[in-house]
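Descriptive structure summary
Below are the chains, spelled out letter by letter.
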Amino acid sequence: MDLLTVLVLNLIFILITTFAFQFIIVNRHTSMYRKYAKALIIILSAMQILFCMSFTLIGNENFIFDLRLIPVVLGGLYGGPIVSIILFIIVAAARFPLGGNGIWVNFFNMLTITVFISYISIRFREYPLVKKLYTVVGIAISYTILIFLMKTAIFRDPSELKFVIIYGSTLTAGIFLVTYFIEITKQNHFLHNAMINSEKIEVVSHLAASVSHEVRNPLTVTRGFLQMLKDPSIPEEKRLYYLNTAIDELDRAETIIKDYLAFAKPQSEITSSISVNDEIEKALELIIPYANHFSVNIKKDLMSGLHVTGEAPKFHQCILNIIKNGIEAMPEGGDLMISSREKENGFASIVIKDTGCGMSARQLAKLGEPYFSTKAEKGTGLGMMVVYKIIHEMGGTIEVKSKLNDGSQFTITLPLYNP
Ligand code: ADP
Ligand code: MG
């Protein structure tokens, strides 16, 4: 194989595996990625390094030309100093059996690069995009110059200029392309998460009105009882009853406010075992004022002991978004049924069913698209998109059945938690 074929083959492999890594692991299994980022980056980079080293061009003095520098540099920059050192060990170990004089030049170059990369990797992830690109391009060009100078000076084997240009430009363009690609996919992912948060703020502000309405009721009732207590002639028994009712009403108001504030507060992102029922109950507590406001009657039929894996606040929001849509589909009142079951093959299913306005086939097809909403200025059209994204991240699926003027049924299927 000639140099260009080798380099192009290397680059294609690196691009494809990085692509798969970003889409499958970083975007879809974000919580797993966060937990094992270093190990996963090492595995990916090691795979790329070994591939590059199996398709190389062996020149004079056993100098080996391939693009293994790309995984070494990017793995180190994104993974940090420890990853960088481990990758250095892998490259050195894999290079040794091939022998030749090139080995020492390679060892020295890789060591220099590892030290340099370990140092800048501490800051690299905070660099703006352009600075990141400058950095990697700078590294690729310096490396090319370094290796050819050494080859010429030490081994008196002046390389052909054409060779230098092909190698240097493929390496530089390759590292630029891969870095740019990683950054763009990361940015998309970041925007997606930002969207989830803005949708939550939207839900928080929608619920605020019904929460304050719901809190006003107990306050009015309490005020009424206190007013009556002013009358000194009421019997002791009645007085006690008034007092207890007033206290109960105040407690209820307090619970509503507490739940609401707990939801509105930013949440930590910890993946753990989630109790399906607890989260459904929490979502119901929060949404009941809203349901009352629309005269919607919520019924539940929950199976206890179901656990799934994910971030509890996100799952909670998911349930809340679907129930909220159900309620909004029944402005004249109706029934909303929520049930949970264990399915035979290690899955949990949660069904949320309403007797509302339903959706036409065309609307159904658009469900989950960002900004698709039939609620004019009252809707954001982000609720279902968020739901799909969260359930997807948890490894689950959603099935929606809906009939215009008849109602809708959302079935969420999620793998059960297995410790
Ligand atoms: P929003 O609620 O802000 O409009 P969503 O993404 O939550 O945005 O929902 C998108 C659209 O899907 C809604 O505007 C509505 O037309 C439709 N929809 C969602 N859930 C239901 C439901 N349970 N019944 C009828 N239509 C629904
Ligand atoms: Mg909605």
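One can find the structure itself at the top, above this paragraph.
Just so it is clear, the structure is predicted and the values come from calculations on it, not from any experiment.

1. Topic: the site of ligand 1
Taken together, 21 residues surround ligand 1, and among them Ser373, Thr374, Lys375, Thr380 and Met384 come closest. A distance of 2.6 Å is found between an oxygen atom of ligand 1 and a side-chain nitrogen or oxygen belonging to Lys375. Gly383 places a main-chain nitrogen or oxygen 3.3 Å from an oxygen atom of ligand 1. For the shell around ligand 1, the secondary structure elements donating two or more residues are helix 10 (312-328), helix 12 (383-393) and strand 9 (407-415). No other element matches the three residues that helix 10 contributes to the shell around ligand 1. The residue inventory of the shell around ligand 1, partitioned by class, reads eight nonpolar, 10 polar and three charged.

2. Here's the deal with the packing of helix 7 (residues 161-229) against helix 9 (residues 276-293)
Orientation of helix 7 relative to helix 9, taken along the N-to-C sense of each, is 80°, at an axis distance of 9 Å. Taken together, the axes of helix 7 and helix 9 are roughly perpendicular relative to one another. Each of His206, Leu207, Ser210, His213 and Glu214 in helix 7 lies in contact with helix 9, whose residues at this interface are Leu286, Ile287, Pro289, Tyr290, Asn292 and His293. Tallied by class, the residues present in the contact of helix 7 with helix 9 amount to five nonpolar, five polar and one charged.

3. Quick notes on the sheet that holds strand 9
Taken in spatial order, the five strands line up as 4-6-7-9-8 in an open sheet, and their pairing is mixed. Strands with a single pairing partner mark the edges of an open sheet, and in this sheet they are strand 4 (296-301) and strand 8 (397-403). Averaged over all pairs of adjacent strands, the angle between their axes in this sheet comes to 15°, without regard to strand direction. Strand direction decides the pairing type here: strand 6 (residues 334-343) and strand 7 (residues 347-354), joined by eight bridges, are antiparallel. Paired with Arg341 across the strands is Ser349, a residue of strand 7. Those strands touched by helix 9 are strand 4, strand 6 and strand 7, and its axis lies near 170° from that of strand 4. The strands that helix 12 touches are strand 8 and strand 9; relative to strand 8, the one it contacts most, it runs at about 145°.

4. Observations concerning the pattern of salt bridges
Scanning the entire structure with this criterion turns up 15 salt bridges. A salt bridge links Asp335 to Lys299, with the shortest nitrogen-to-oxygen separation between them at 3.8 Å. Of the two residues, Asp335 sits in strand 6 while Lys299 sits in strand 4, which places them 36 residues apart along the sequence. The exposure class assigned to Lys299 is partly exposed, which follows from its relative accessible area of 40%. A salt bridge links Glu393 to Lys314, with the shortest nitrogen-to-oxygen separation between them at 3.4 Å. Linking Glu393 in helix 12 with Lys314 in helix 10, this pair joins segments that are 79 residues apart in sequence.

5. Focus: the side chain of Glu183
Among the secondary structure elements, Glu183 is positioned in helix 7. Among the polar contacts made by the side chain of Glu183, one reaches the side chain of Tyr78 at a distance of 2.5 Å. Beyond its immediate chain neighbours, meaning those up to four positions away, Glu183 contacts Tyr78, Leu129 and Lys132.

6. Brief notes about helix 3 (residues 69-79)
In terms of burial, helix 3 is largely enclosed, as 11 of its 11 residues are buried. Listing the buried residues of helix 3 in full gives Leu69, Ile70, Pro71, Val72, Val73, Leu74, Gly75, Gly76, Leu77, Tyr78 and Gly79. Directly after helix 3, the chain includes Gly80, whose backbone phi takes a positive value near 100°.

What counts, and at which threshold
Residues numbered from 1 in each chain as written. Chains lettered and ligands numbered in written order. Predicted model: local features only at pLDDT ≥ 70, side-chain atom pairs only at ≥ 80, totals over all residues. Heavy atoms only, no water. Near = heavy atom within 4 Å. Polar contact = N/O pair within 3.5 Å; in protein donor to acceptor, adjacent residues only side chain to side chain. Helix = DSSP H or I, 4+ residues; strand = E, 2+ residues; numbered from the N terminus. Nonpolar A, V, L, I, M, F, W, Y, C, P; charged D, E, K, R; others polar. Axes fitted to C-alpha atoms, helices over the stretch in contact; angles between N-to-C directions. Parallel < 35°, antiparallel > 145°, perpendicular 65-115°, else oblique. Contact = heavy atoms within 4.5 Å. Pairing = 2+ DSSP bridges. Salt bridge = Lys/Arg side-chain N within 4 Å of Asp/Glu carboxyl O. Buried < 20%, exposed > 50% of the residue type's maximum accessible area, 1.4 Å probe, protein only.

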